[in-house]
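An overview of the molecular structure
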Amino acid sequence: MITTSSTDQTGRATPKPCPKCGAIAEQHKAGSNRFWVQCSKLGKNGNCSAIAPQGSNKKEAIDNWNKLK
Ligand SMILES: [Zn+2]
């Protein structure tokens, strides 16, 4: 399990690696107010199932992702 800080050097929230498989997390956006983070190995990309609930902004989406176990 890789552990990293949840903020980058500039203090912005950044998604942690996938809690299930350790792969890089991808940030996604739909429209102007739907944001979520999912594993880069989700589904057909590698059979991981990690996807966070949507948030209304990027920070919320990243918070949701970082709370996944
Ligand atoms: Zn994963």
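Residues numbered from 1 in each chain as written. Predicted model: local features only at pLDDT ≥ 70, side-chain atom pairs only at ≥ 80, totals over all residues. Heavy atoms only, no water.

- The chain goes by Lar family restriction alleviation protein in an unreviewed UniProt entry, where it is assigned to Deefgea chitinilytica.

1. Comments concerning the coordination of the zinc ion
- Of the protein atoms, only Cys18 (SG), Cys21 (SG), Cys39 (SG) and Cys48 (SG) coordinate the zinc ion, at distances of 2.2 to 2.3 Å.
- Around the zinc ion, the 4 donor atoms are arranged such that angles at the metal cover 103 to 114°; this shape is classified as tetrahedral.
- In the primary sequence, the donor residues of the zinc ion line up as C-x2-C-x17-C-x8-C. Here cysteine 48 lies in the loop between β2 (34-39) and α1 (58-66) and cysteine 18 lies in the segment before β1 (25-30), a separation of 30 residues in the sequence. A single burial state applies to cysteine 18 and to cysteine 48, both of which are buried. (Donors = N, O, S within 2.8 Å, 3.2 Å for Na, K, Ca; no water. Tetrahedral: all angles 85-135°; square planar, octahedral: opposite > 155°, others 65-115°. Helix = DSSP H or I, 4+ residues; strand = E, 2+ residues; numbered from the N terminus. Buried < 20%, exposed > 50% of the residue type's maximum accessible area, 1.4 Å probe, protein only.)

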